[in-house]
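Geometric and topological summary
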Amino acid sequence: MFGFGMPELIVIMSIVLVIFGAGKLPEVGRAVGKGIRNFKEASEGKEPIELDKKA
C-alpha cells in the first residue's frame, strides 16, 4: 500500500486525529470515501447514480 508500513500509518492517523478531533473523523472518512468512489466512477466513464430522497 504505497510503501507505508505500520509505524507510518500510526503517525499519519495520530496527526489526523489531532487536526480534526475525534468527533469529526467519521465525517472526514465519509467525505474521503465518497471522493474516492466518485473518482473511480469518473475514471471508468460511469455516470453517477442519483438516489431519490423522498421525505
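Quick caveat: nothing in here was measured; it's all calculated off a predicted structure.

Considerations on the overall build of the protein chain
In terms of regular secondary structure, the protein chain is built from two helices and zero strands. Taking all 55 residues of the protein chain together, 0% fall into the buried category. Accessible area of the protein chain: about 5,400 Å², with a carbon and sulfur share of 66%.

Focus: helix 2 (residues 25-44)
Taking 1.5 Å of rise per residue, the 20 residues of helix 2 would be expected to cover 28 Å, and the 29 Å separating its terminal C-alpha atoms lies within 8% of that figure. Directly beyond the C-terminal end of helix 2, a positive phi value near 85° is found at Gly 45.

Structural notes on a nonpolar patch on the surface
A cluster of nonpolar side chains, contributed by Val 11, Ile 15, Ile 19 and Phe 20, occupies part of the molecular surface with about 390 Å² of accessible area. Of note, Ile 19 is situated in helix 1 (residues 6-20).

The rules we used
- Residues numbered from 1 in each chain as written.
- Predicted model: local features only at pLDDT ≥ 70, side-chain atom pairs only at ≥ 80, totals over all residues.
- Heavy atoms only, no water.
- Helix = DSSP H or I, 4+ residues; strand = E, 2+ residues; numbered from the N terminus.
- Buried < 20%, exposed > 50% of the residue type's maximum accessible area, 1.4 Å probe, protein only.
- Areas by Shrake-Rupley, 256 points an atom, 1.4 Å probe, with all protein chains shown as cover.
- Expected span 1.5 Å × (residues − 1).
- Patch = residues over 30% accessible without salt bridge, like charges linked within 9 Å, V, L, I, M, F, W, Y side chains within 5 Å.
- Salt bridge = Lys/Arg side-chain N within 4 Å of Asp/Glu carboxyl O.

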